[in-house]
Amino acid sequence: MIRNPLFRALVEREVKNRFLGGVLSPIWWLAQPLLSLGVYALVFGLFMRAPVPVQYGDSYVAFLAVGLWPWLAFAESVTRGATSLIAQASLITKTALPRAFVPLSTVLVTFTLNWLALTVIVILFALLGFKMHLSGILFSLPAWLALFFAALGFAWIVSTAQILVRDIEGMLGPLFMLLSFVCGIQYGIESIPAAYRDGVMANPFTHLIARMHDTYLSGAGASWVDAALLAGGAAIAWLGYAFFKRVAPHVDDYL
Amino acid sequence: MSEILLNVSHVSKTFPRIGRHGAGFAALARLLMAKPSTDGFHSLTDIDFIVRRGESFALVGENGAGKSTLLKIIAGVLQPSAGSAKRIGTVGALLELGAGFHPEYTGRENLKLSAALQGLTGAAFAAQLDSIIAFADIGEHIDAPIKTYSSGMVVRLGFALVTALKPDLLITDEVLAVGDESFQNKCISWMERYLADGGTLLLVSHSLYHVKKLTHRAVWLDHGAMRMVGSSADVSIAYQAFHEAKRAGAKQAALANDDRDASTLGQYAVTDLQLTDITMTGMTVRGRIKSRDGRRPQVALGIVRMDGTPVYGTTSEIDGFALRGAGSGAFEFALTFTEWSLLPAAYKLRAHAMDPEGMRVYDTVERDFTVLGDSREQGLVRLPHRWGA
């Protein structure tokens, strides 16, 4: 599929879309997550003094960055994916474009940009002397891939569902905000009262974010957890594709 | 028989009725269960035809007849509710010139994605790029965003891309209706060359001239159903006749008034009118006129196009012909047209019952007839002519 020239043209266009128009566009891919990082660091790090789990060193900003960027990649992919087909309505209703490519290119570009941004930040932090393992760039890849698959599956579902039920995109924002607070991004799981901790541990994203922390901050190597995460991600992607294949050929009637 | 390029088999399309804000969970659930939509707007019903290589095809029909929907199904953009459209070989679709162009990107950038959509990529695209840009003839604008283009420039770029594709089957929707005269001519001459080189065209056009010139066979769609399928010449004549009759609606009403006058007066009335031996060169008209006062009436016979444009008319009074009495106030006549030069089209013959002085029309009766043929000459009649240098 990556070799498909049509898909490549679509990805190229998706990348250009991000950088066209605004003055800040060329640096937005880095600036936007940095702003989110700044906001969270201010609220949770400075005001609320959220403790960094001891195994992850002592820098709250480094802890936050490593968990936040993958999460933003996921949330942004699904949110952008939700409107991707509607945004390309003129293209998909007038040309025989394979429709699955549209959400796929959105998710791929969003993940690539966010991964690049975090990689730049990780290298920068390491150079500045923070406790940051460059090996994490390699060993976090399975977790990134699992997250990518999950995002793709959800994007395929919401992109078509959004056309028929236009309230979906609006519900995604609050949903993702809630989810982000219960998977250990802004504070360690230890900060959550024991009564609720089992619930949080049942959330697969908690384990995924933990793998990000482990690989980048503690220098952990490959783990069996990766395999489980990948299997879960692939299952979501497969389900999403099955959903998409059923609904997408008929969305013209509703666009 | 040459190879089949397109097989449209019992295609139907129903659009669901939807509100302003999408369709809701019910529609989503229905799609997931793969249940067909039960009610809605029936855009196409049981469309069935095949297109063979080298046998260009036209779709004609009024606005809203379902032509564009059918083309979208054929191009694989839209799914039919029932039936199938099988394409064999490469298909180029030009559903709407500039479809898929993004306003923020330059002409060159847009060409790339559009070309990829039509299967022209990589080195093949690079090799064709210069000739595409040359055909579009929009100069340095090729590197400006499409949003700065005039609509004519967008059209040029869209068609220029198609010229590079040379697909087995080219699907076009009304592309000849846009652009200025010289660009239209350029497009038509390109299409003729494409057809001469063995290309096959599936054309939607309101221009019957183009239909007759560019295609061999045609389908007439009427409210989503096939009203007629046959040679382009035959379908064009029938379709044109339908339109002329429709335009003549107002005039028909006026004629109906005359008829009512005739029935109140009832002095002279056409009681029988038959057309026989209709050929490309003539026909015979036989009729009978009832005279209430027993005096010998006159008859006027006229040929008009379906929209009422007069072609020729004469009367028994002008020609000095006396109708033959057939007893009890009935008078008969017969008129044979020999060697007429009517161009192939649908016509009406009008017979008017007149008083013996040939002063006043008392009654009018019409009969439709069609002169067959596949001439592409324009106008009403063929005027004898000779070419020379």
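All values derive from a computational prediction rather than experimental measurement.

What counts and how
Residues numbered from 1 in each chain as written. Chains lettered and ligands numbered in written order. Predicted model: local features only at pLDDT ≥ 70, side-chain atom pairs only at ≥ 80, totals over all residues. Helix = DSSP H or I, 4+ residues; strand = E, 2+ residues; numbered from the N terminus. Rg over C-alpha atoms; globule rule 2.2 N^0.38 Å. Buried ≥ 20, exposed ≤ 12 C-beta atoms within 10 Å, placed from the backbone. Contact = placed C-beta atoms within 7 Å. pLDDT = per-residue confidence, 0-100. Pairing = 2+ DSSP bridges. Expected span 1.5 Å × (residues − 1). Bend = angle between axes of the 7 residues up to and from the residue. Axes fitted to C-alpha atoms, helices over the stretch in contact; angles between N-to-C directions. Parallel < 35°, antiparallel > 145°, perpendicular 65-115°, else oblique. Left-handed = near helix turned anticlockwise from the far one by under 90°. Nonpolar A, V, L, I, M, F, W, Y, C, P; charged D, E, K, R; others polar. Core = buried A, V, L, I, M, F, W, Y, C linked by C-beta atoms within 7 Å.

Caption draft 1: Structural detail: the overall build of chain B. Secondary structure assignment for chain B yields 10 helices and 17 strands. For 389 residues, the compact-globule estimate of 2.2 N^0.38 gives 21 Å, and the C-alpha radius of gyration of chain B, at 28 Å, exceeds that figure by more than 25%. Judged by the C-alpha coordinates and their principal axes, chain B covers about 85 × 70 × 45 Å. Here chain B holds 389 residues, and 38% of them are scored as buried. Pairs at least 24 apart in sequence give 71% of the contacts found in chain B among residues at least 6 apart.

Caption draft 2: Representation of the overall build of chain A within the structure. Within chain A, the secondary structure is distributed over 11 helices and zero strands. Along chain A, helices (α) and strands (β) appear in the sequence α-α-α-α-α-α-α-α-α-α-α when read from the amino end. Radius of gyration (C-alpha) of chain A: 19 Å, near the 18 Å computed for a compact globule of 255 residues. The buried share of chain A, taken over its 255 residues, is 47%.

Caption draft 3: Broad picture of the confidence of the model for chain B. Residues and elements named next belong to chain B. Averaged over all residues, the pLDDT of chain B is 83; the fraction at 70 or higher stands at 91%. Of all helices and strands in chain B, the one with the weakest mean pLDDT is helix α9 (residues 249-265) (46), whereas strand β15 (residues 330-337) scores best (92). Confidence over residues 250-265 falls short of pLDDT 50; this stretch has 10 contacts with residues more than four positions distant or in other chains. If you check the scores for this complex, the pTM reads 0.74 and the ipTM reads 0.75.

Caption draft 4: View of the pairing of strand β11 (residues 283-291) of chain B. Residues and elements named next belong to chain B. Sheet topology places strand β10 (residues 268-276) next to β11; eight bridges connect them, and they run antiparallel. Paired with Gln 274 across the two strands is Arg 286, which belongs to β11. Connecting β10 to the antiparallel partner β11 that follows it, the hairpin turn spans six residues, and Asp 277 within it adopts a positive phi of roughly 55 degrees. The pairing of β11 with β15 spans eight bridges and is classified as antiparallel. Note on β15: the bridge partner recorded for Lys 290 is Ala 330.

Caption draft 5: Representation of the interface of chain A and chain B in the model. With 25 residues of chain A at the interface, the matching set in chain B holds 31 residues. Of all elements in the fold, only α1 (5-19), α4 (89-94), α7 (141-164) and α11 (224-247) of chain A reach the threshold of two or more residues within the side of chain A that touches chain B. When residues in the side of chain A that touches chain B are grouped by element, the largest group, five residues, is from α1 of chain A.

Caption draft 6: Focus on helix α4 (residues 122-136) of chain B. Residue and element names in this part refer to chain B. Given a rise of 1.5 Å per residue, 15 residues ought to cover 21 Å, and the 20 Å separating the end C-alpha atoms of α4 matches this to within 8%. The principal kink in α4, of about 40 degrees, is found at Leu 129. Here α4 has its buried residues at Phe 125, Gln 128, Ile 132, Phe 135 and Ala 136. Contacts from the buried residues of α4 go to α3 (107-117) and α5 (151-165). Downstream of α4 by one or two residues, Asp 137 has phi in the positive range, about 55 degrees.

Caption draft 7: Just the sheet that holds strand β16 (residues 345-354) of chain B, in detail. Residue and element names in this part refer to chain B. If you trace the four strands from one edge of the open sheet to the other, you get β13-β12-β16-β17, paired in antiparallel fashion. At either margin of the open sheet sits one strand with a lone partner, and together these are β13 (310-315) and β17 (361-371). For this sheet the average axis-to-axis angle between neighbouring strands, irrespective of direction, equals 15 degrees. Sheet topology note: the strand β12 (residues 298-305)/β13 ladder contains five bridges and is antiparallel. Paired with Leu 301 across the two strands is Thr 314, which belongs to β13. Contacting β12, β16 and β17, helix α8 (residues 232-247) runs over the sheet at an angle of about 45 degrees to β16.

Caption draft 8: Representation of the sheet that holds strand β14 (residues 324-325) of chain B. Pairing is antiparallel in the open sheet, where four strands are placed in the order β10-β11-β15-β14 (chain B). The open sheet is flanked by β10 and β14 of chain B, the only strands paired with a single partner.

Caption draft 9: Main features of the environment of His 102 of chain B. Turning to its location among the elements, His 102 of chain B is positioned in the loop between β5 (91-94) and α3. Of the residues examined, His 102 of chain B has 20 C-beta atoms within 10 Å and is grouped as buried. Remark: the alpha-carbon pair of His 102 of chain B and Leu 208 of chain B, spanning 106 residues in sequence, is separated by 33 Å. Leave out the neighbours within four places in its chain, and His 102 of chain B touches Arg 13 of chain A together with Asn 110 and Ile 146 of chain B.

Caption draft 10: How the structure looks around helix α2 (residues 67-75) of chain B. Where burial is concerned, most of α2 of chain B is hidden: eight out of the nine residues are buried. Among the residues of α2 of chain B, Lys 67, Thr 69, Leu 70, Leu 71, Lys 72, Ile 73, Ile 74 and Ala 75 of chain B are the ones counted as buried.

Caption draft 11: Quick look at the packing of helix α10 (residues 204-217) of chain A against α11 of chain A. Residue and element names in this part refer to chain A. The interhelical angle for the contact between α10 and α11, taken along N-to-C directions, is 130 degrees, at an axis separation of 11 Å. It follows that α10 is oblique to α11 by the angle criterion. Like other packed secondary-structure pairs, α10 and α11 cross with a definite hand, here left-handed. Within the contact between the two elements, α10 uses Pro 204, His 207, Leu 208 and Arg 211 and α11 uses Val 225, Asp 226, Leu 229 and Gly 232. For the contact of α10 with α11, a count of residues per class yields four nonpolar, two polar and two charged.

Caption draft 12: Region of the structure containing unusual backbone geometry. Even without glycine at this site, His 10 of chain B takes up a positive phi of about 45 degrees. With respect to the helices, strands and loops of the structure, His 10 of chain B is situated in strand β1 (residues 4-15).

Caption draft 13: Inspection of the environment of Lys 246 of chain B at higher detail. Turning to its location among the elements, Lys 246 of chain B is positioned in helix α8. Residues Lys 246 of chain B and Leu 169 of chain B lie 77 residues apart in sequence; the distance between their C-alpha atoms is 34 Å.

Caption draft 14: Region of the structure containing the nonpolar core. Counting 141 residues, the largest nonpolar core has Leu 147, Ala 151 and Leu 152 of chain A together with Ile 74, Ile 171 and Leu 202 of chain B as its most contacted members. Of all the elements, α7 of chain A adds the most residues to this core, at 17 residues. Beyond its immediate stretch of four places on either side in the chain, Ile 74 of chain B contacts Leu 6, Val 8, Ala 85, Ile 171 and Leu 202 of chain B. Leu 301, Ile 303, Met 354 and Tyr 362 of chain B belong to the second largest nonpolar core, which has 24 residues in total.

Caption draft 15: Broad picture of the environment of Gly 199 of chain B. Its place among the elements puts Gly 199 of chain B in the loop between α6 (181-196) and β7 (200-204). Separated by 70 residues in sequence, Gly 199 of chain B and Leu 129 of chain B place their C-alpha atoms 21 Å apart.

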